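A look at the structure
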Amino acid sequence: MSETVITSEAASTSTQFNHPSHTICRVCEKQFSQYTCPRCNIRYCSLHCYKSHSLRCTESFMKENVVEELQQLQSDNETKQKMLDILKRFHEEEETDSMDEDDSFLSEETIQKIMSGNQISIDDLSAEERKHFQRAVASGELSKLIKPWDPWWLKPSAKYISLSQDGASLVQPLVQQDSVESSENYMEGNQFHDIPPGPGTPLPPISRLSTAGPSPLLAVHLIDIIYSYCFTLRLYNGDWQSDAQESTMVLLSVSSVLGKGGQPGTVLEALLHCLEQTSSSSYRHMGGLQFGLGLLDDVISLLNLGGAALVCLLCDTQRLILAAEKELKSEKLQKSKRVEIKNKLKSAERKVYFIMCWVHEQPAEVWLSLAALVNKEKSSAVECVVSKRGAVRTETVERTGKPLIKEI
């Protein structure tokens, strides 16, 4: 009598046929099954049958594995919206640049999701789409599609920043009532959310933080910090939260006061250091001296905004450094290196807080005078940087006997 093969999922009365190896593959129904799907418990005989038994089941299984790996990279709604906007602009530009081509590297289904405003992630792209997208990221093609960041200190709302008398943030920023019309026009923008919040608690008097009087060079040190802050935010397109530790390292590398324990004695000295760092080989790709000139304009704009805006800037700088300290705890570093970085961050954070308390106590006239001084010294600083670079170029020519390529 030939052996009976069980083709039903119902249990057999014969124990010899209850063994899984005697169950027919539920996919091809030709071979005995050897495996069980971990998700739906269906029996199958081979990898081919596993892949074809349920596309939705296998995709869901793979997606769960990817999500598990990316749990620590989960982004908020704002970040998802940024990615969606980039994909939209990428597709629109691709359509413009390839009007004669029939195919886009994005599938019709993905395009429809993007155009309808649905949120999509990297896992929603096919293998081919993901490869094209990653290639575009690596080549820098997507960088031109990222919406340029508008610095908060250049927005009209920055003129209305207000803090309480003790330096803490107000529940709702005050709007100066110059006229009903201007007030209404301003409030239509509702841009206060772009301004970094000030301190959550009152700032103590500077006399409580130090028995000795504050250094007369604090105003010069403040210029160094403002410049470095503006540099960092422009480098990261306003989003230092995406990598707080690396952003802080950039901040400390540009700032002589925070990163190197520098004590610039004059405004010109502070500006020279900042411009030299910006023109260095590490950051020349940002635009070099021309980029540095724009940052000096940022410094002047912030000084003209007054003490409240400067306190908000310093408070944001403090948050940046504290976020870097938090990220440092999860970094796998040698103990000596971790302690070195931690001490450096602690020192920078204390300096920022001290200067923030000092800024809060200064009258408005100080910032207007300091802004005028920076504007006056700007041209001198540029001339010094240019002449110094020219001297280095001439010295190299004399030493090597070979002409160098001149910079335009």
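The structure presented is a predicted model; accordingly, all values stated were derived computationally and were not measured.

Attention now goes to the overall build of the chain. Scanning the chain from N- to C-terminus turns up 15 helices and 2 strands. Here the chain holds 408 residues, and the buried ones make up 36% of them. Sequence-distant contacts in the chain: of pairs separated by 6 or more residues, those separated by 24 or more amount to 62%. With an accessible surface of roughly 24,700 Å², the chain has 52% of that area assigned to carbon and sulfur atoms.

Further remarks concern helix α11 (residues 267-278). Count 3.6 residues to each turn of an α-helix, and residues three or four apart come out pointing the same way. Between its terminal C-alpha atoms α11 stretches 17 Å, which fits the 16 Å expected from 12 residues at 1.5 Å a residue. Turning to α11, its buried residues are V267, A270, L271, L272, H273, C274, L275 and T278.

For the rest of this paragraph, the subject is the nonpolar core. Among the nonpolar cores identified, the biggest contains 70 residues, and W152, L222, I226, L303, L314, W358 and V359 are the most heavily contacted of them. Within the residue set of this core, elements represented by two or more residues are α8 (218-235), α9 (244-254), α11, α12 (288-305), α13 (307-328), α14 (335-361) and α15 (364-400). The element best represented in this core is α8, accounting for 12 residues. If we skip the residues at most four places from it in the chain, W358 touches I206, P214, L218, A219, L222 and W367.

This next bit is on the packing of aromatic side chains. Pairs of aromatic rings are described using the distance from one ring centre to the other and the angle between the two planes. The tally for this structure, following the rule as stated, stands at 7 aromatic pairs. Plain terms: the ring middles of W153 and Y229 are 6.2 Å apart, the flat faces sit at 55° to each other, and that makes the pair tilted. In this pair, W153 is assigned in the loop between α5 (127-139) and α6 (180-189) and Y229 in helix α8, connecting sequence segments 76 residues apart. Here W153 and Y229 have matching classes, each one buried. The interplanar angle of 75° and the centroid separation of 4.9 Å between the aromatic rings of F231 and Y283 together place this pair among those described as edge-to-face. With F231 in helix α8 and Y283 in the loop between α11 and α12, the pair connects residues that are 52 residues apart, well separated along the chain.

Moving on: the confidence of the model for the chain. Overall, the predicted model of the chain reaches an average pLDDT of 76, with 65% of residues at or above 70. Mean pLDDT across the secondary structure elements of the chain bottoms out at α6, with 43, and peaks at α8, with 95. Of the regions scoring below 50 in pLDDT, residues 392-408 engages in 8 contacts with residues more than four places distant in sequence or in other chains.

What follows covers the packing of α11 against α12. Packing of α11 against α12 brings their axes to within 8 Å, and their N-to-C directions diverge by 140°. Considering their axes alone, α11 and α12 lie oblique with respect to each other. The element α11 and its partner α12 pack so that their crossing is right-handed. Two secondary-structure elements touch here, α11 through L271, L275 and T278 and α12 through G288, L289, F291, G292, L293, L295 and L296. Residue composition of the contact of α11 with α12, grouped by class: 7 nonpolar, 3 polar and no charged.

Okay, the environment of A371 next. Its place among the elements puts A371 in helix α15. In contact with A371, not counting residues within four places along its chain, are I300, L303 and N304.

Glancing now at the packing of α8 against α9. Direction vectors running N to C along α8 and α9 enclose 140°, while the axes themselves pass 9 Å from each other. In terms of orientation, α8 and α9 fall into the oblique class. Between α8 and α9 lies a crossing whose hand is right-handed. On α9, the residues that touch D224, Y227, S228, Y229, F231, T232 and L235 of α8 are S247, V250, L251 and V254.

Glancing now at the side chain of E349. Its location among the elements puts E349 in helix α14. Although E349 is buried, it makes no salt bridge; K346 carries the closest opposite charge, 5.7 Å away. At a separation of 2.6 Å, a polar atom in the side chain of E349 contacts the side chain of Q318. The contacts of E349, once residues within four sequence positions are left out, are Q318, I321, L322 and E325.

Here we take up the environment of A308. The residue A308 is located in helix α13 in this model. Since its relative accessible area comes to 22%, A308 is described here as partly exposed. In the structure, A308 is positioned 139 residues away from S169 in sequence and 9.5 Å away in space, judged by C-alpha atoms. Leaving out residues up to four positions away in the same chain, A308 has contacts with I161, S162 and L163.

Summed over all chains, the structure comprises 5 salt bridges. Between D297 and K378 there is a salt bridge; the shortest N-O distance is 2.9 Å. Of this pair, D297 sits in helix α12 while K378 is found in helix α15, placing the two residues 81 residues apart along the sequence.

Unusually for a residue other than glycine, E29 sits at a positive phi of about 55°. Within the element layout of this structure, E29 appears in the segment before β1 (35-36). For E29, a relative accessible area of 55% gives the class exposed. The backbone phi angle of N237 is positive, close to 55°, even though this residue is not glycine. By the secondary structure assignment, N237 is in the loop between α8 and α9.

Rules behind the numbers
- Residues numbered from 1 in each chain as written.
- Predicted model: local features only at pLDDT ≥ 70, side-chain atom pairs only at ≥ 80, totals over all residues.
- Heavy atoms only, no water.
- Helix = DSSP H or I, 4+ residues; strand = E, 2+ residues; numbered from the N terminus.
- Buried < 20%, exposed > 50% of the residue type's maximum accessible area, 1.4 Å probe, protein only.
- Contact = heavy atoms within 4.5 Å.
- Areas by Shrake-Rupley, 256 points an atom, 1.4 Å probe, with all protein chains shown as cover.
- Expected span 1.5 Å × (residues − 1).
- Core = buried A, V, L, I, M, F, W, Y, C linked by side-chain atoms within 4.5 Å.
- Phe/Tyr/Trp six-rings, centres within 6.5 Å; stacked < 30°, edge-to-face > 60°.
- pLDDT = per-residue confidence, 0-100.
- Axes fitted to C-alpha atoms, helices over the stretch in contact; angles between N-to-C directions.
- Parallel < 35°, antiparallel > 145°, perpendicular 65-115°, else oblique.
- Left-handed = near helix turned anticlockwise from the far one by under 90°.
- Nonpolar A, V, L, I, M, F, W, Y, C, P; charged D, E, K, R; others polar.
- Lys, Arg positive; Asp, Glu negative; His and termini not counted.
- Salt bridge = Lys/Arg side-chain N within 4 Å of Asp/Glu carboxyl O.
- Polar contact = N/O pair within 3.5 Å; in protein donor to acceptor, adjacent residues only side chain to side chain.

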